[in-house]
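# Geometric and topological summary
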Amino acid sequence: MQRLDKLLAGTGKWSRREVKLLVKQGRVLADGAPAPSSEEKYDPETVMLTVDGENVFWRKHTWVMLNKPDGYLSATEDGKGKTVLDLLPPDLQKLELFPVGRLDKDTEGLLLLTDDGQTAHRLLSPKYHVDKVYYARVDGCLEEVDCRAFEMGMTIGDGLVCRPAGLKILTAGAQSECLVTLREGKFHQVKRMLAAQGKPVIYLKRVAMGKLTLDEKLRIGEFRLLTENELNMLRGNMEDT
Ligand code: URA
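Residues numbered from 1 in each chain as written. Predicted model: local features only at pLDDT ≥ 70, side-chain atom pairs only at ≥ 80, totals over all residues. Heavy atoms only, no water.

## A few points about the environment of T50
Mapped onto the secondary structure, T50 falls in strand β5 (residues 49–51). Other than its neighbours up to four places away in sequence, T50 contacts R27, V28, L29, N55 and V56. (Helix = DSSP H or I, 4+ residues; strand = E, 2+ residues; numbered from the N terminus. Contact = heavy atoms within 4.5 Å.)

## What about helix α6 (residues 189–196)?
Burial in α6 covers these residues: Q189, V190, M193 and L194. Buried positions in α6, seen along its axis, are confined to an arc of 120° and lie on one side of it. Close packing links the buried residues of α6 with β10 (132–139), α5 (144–152), β11 (155–156), β13 (166–171), β14 (175–182) and β15 (201–209). Where α6 ends, the next residue or the one after it, G198, has phi of about 80°, a positive value. (Buried < 20%, exposed > 50% of the residue type's maximum accessible area, 1.4 Å probe, protein only. Arc of directions from axis to C-beta.)

## Looking at the nonpolar core
The biggest cluster of nonpolar side chains holds 33 residues, and the ones touching the most others in it are L113, F150, L167, V180, M193 and L194. Dropping the residues within four chain positions of it, L194 is found in contact with A136, V138, L142, F150, L167, C178, V180, K199, P200 and V201. (Core = buried A, V, L, I, M, F, W, Y, C linked by side-chain atoms within 4.5 Å.)

## Remarks on the domain arrangement of the chain
When the domains of the chain are assigned, the result is domain 1 (2–56), domain 2 (63–126 + 211–237) and domain 3 (131–209). Using only C-alpha atoms to locate each centre, domain 1 and domain 3 end up separated by 48 Å. (Domains from an automatic or database assignment.)

## Side note on the site of the ligand
Every residue close to the ligand is listed here: L103, D104, T107, Y134, H188, Q189, V190, K191 and L204. One of the backbone nitrogen or oxygen atoms of Q189 is found 3.4 Å away from an oxygen atom of the ligand. Contacts to the ligand include K191, whose backbone N or O atom sits 3.0 Å from an oxygen atom. Isolated, the ligand exposes 240 Å² of accessible area, and the fraction of that covered by the protein chains is 96%. If one sorts the elements of the shell around the ligand by residue count, α6 sits on top with three residues. Of the residues that constitute the shell around the ligand, the class distribution is four nonpolar, three polar and two charged. Formed jointly, the shell around the ligand draws a minimum of three residues from each of two domains, domain 2 (63–126 + 211–237) and domain 3 (131–209). (Near = heavy atom within 4 Å. Polar contact = N/O pair within 3.5 Å; in protein donor to acceptor, adjacent residues only side chain to side chain. Areas by Shrake-Rupley, 256 points an atom, 1.4 Å probe, with all protein chains shown as cover. Nonpolar A, V, L, I, M, F, W, Y, C, P; charged D, E, K, R; others polar.)

## Here's the deal with the pairing of strand β7 (residues 63–68)
On a regular strand, one side chain projects to one face of the sheet and the next to the other, so that they alternate. The element β7 is extensively covered by neighbouring structure, given that six of its six residues are classed as buried. Alternating residues of β7 divide into W63, M65 and N67 and V64, L66 and K68, and every residue in both groups is buried. Sheet topology note: the β7/strand β17 (residues 223–225) ladder contains three bridges and is antiparallel. Its bridge partner being in β17, V64 is matched across the sheet by L225. (Pairing = 2+ DSSP bridges.)

## Remarks on the sheet that holds β5
One open sheet holds the four strands; their spatial order is β3-β2-β5-β6, and the pairing between them is antiparallel. A single partner strand is all that each edge strand has here, and the edge strands are β3 (33–34) and β6 (54–56). When strand β2 (residues 28–30) meets β5, the two strands line up antiparallel, connected through three bridges. By the bridge assignment for β5, A30 is matched with L49.

## A look at the state of the cysteines
Taken as a whole, this structure holds zero disulfides when the rule is applied. The cysteine C141 is free of any disulfide, with C147 supplying the nearest cysteine sulfur at 11 Å. Counting only cysteine sulfurs, C178 is the nearest neighbor of C147, a cysteine outside any disulfide, at a range of 8.5 Å. Looking at C147, the relative accessible area reads 5%, which means it is buried. (Disulfide = S-S within 2.5 Å.)

## Digging into the pairing of β15
Direction of pairing for strand β9 (residues 108–114) relative to β15: parallel, over a ladder of two bridges. Paired with E108 across the two strands is K205, which belongs to β15. Bridge analysis of β10 against β15 gives seven bridges, and the strand direction is antiparallel. Across the sheet, residue V133 finds its bridge partner in β15, namely A208. Sheet topology note: the β15/strand β16 (residues 212–213) ladder contains two bridges and is antiparallel.

## Comments concerning unusual backbone geometry
Its identity is not glycine, yet E96 carries a phi of approximately 60°, on the positive side. You can see E96 is positioned in the loop between α3 (90–93) and β8 (98–99). Judged by relative accessible area, E96 falls into the exposed class, the value being 66%. Located in the positive-phi region is H188, a residue other than glycine, with phi close to 50°. Examined against the element boundaries, H188 turns out to sit in the loop between β14 and α6. H188 sits in the partly exposed class, given a relative accessible area of 32%.

Here's what the structure looks like:
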């Protein structure tokens, strides 16, 4: 059983305070009858809720797509600095969401936050074949030999072997732009792979995870909930090996 305010706030559409007001105004119906209080408890799996006559679809888990800015840690707590959770409103912060994998503090772009540990784990595991795609700008001129090195599976740092990865050159010159596709997430992997080719990264942004791409309408620092379609797409991405 869950309190009505928590249940409706979990959809991301209303804050708990707004739910209280909606209930007071008689705009929330539970199984056809006006909900008596925002503190009333219901079984989320079975209750039929409407707000202003519109059905509310409850989800067991919350999934947020964030366009992560530079300067925020992909963590739930940090003694000193700002974390990506600081970018969410208090009602979403209360849901104990965590980032699905890490982006470096200075990396921007697609970061998912959820309270669904099992799906999050699968998204990150190489076993489930979910590609992560990064846009990178580097110092130096990218060439075909760099693409071949990525394809072969590079060794970086202290003998750390990377799985074969994709490198697509977008522009080449004194600085170059590219898309890097990985199926794993070793520490600073994109930066280390490109640095190993002598092309240090000067800007990095994640643009896709599997078929899910960063919503271009989200400005840096903005977020929205995943749609049902996007969630199905993510789950559909995870073929077992
Ligand atoms: N690879 C990196 O080097 N940094 C990131 O933030 C993500 C992938």
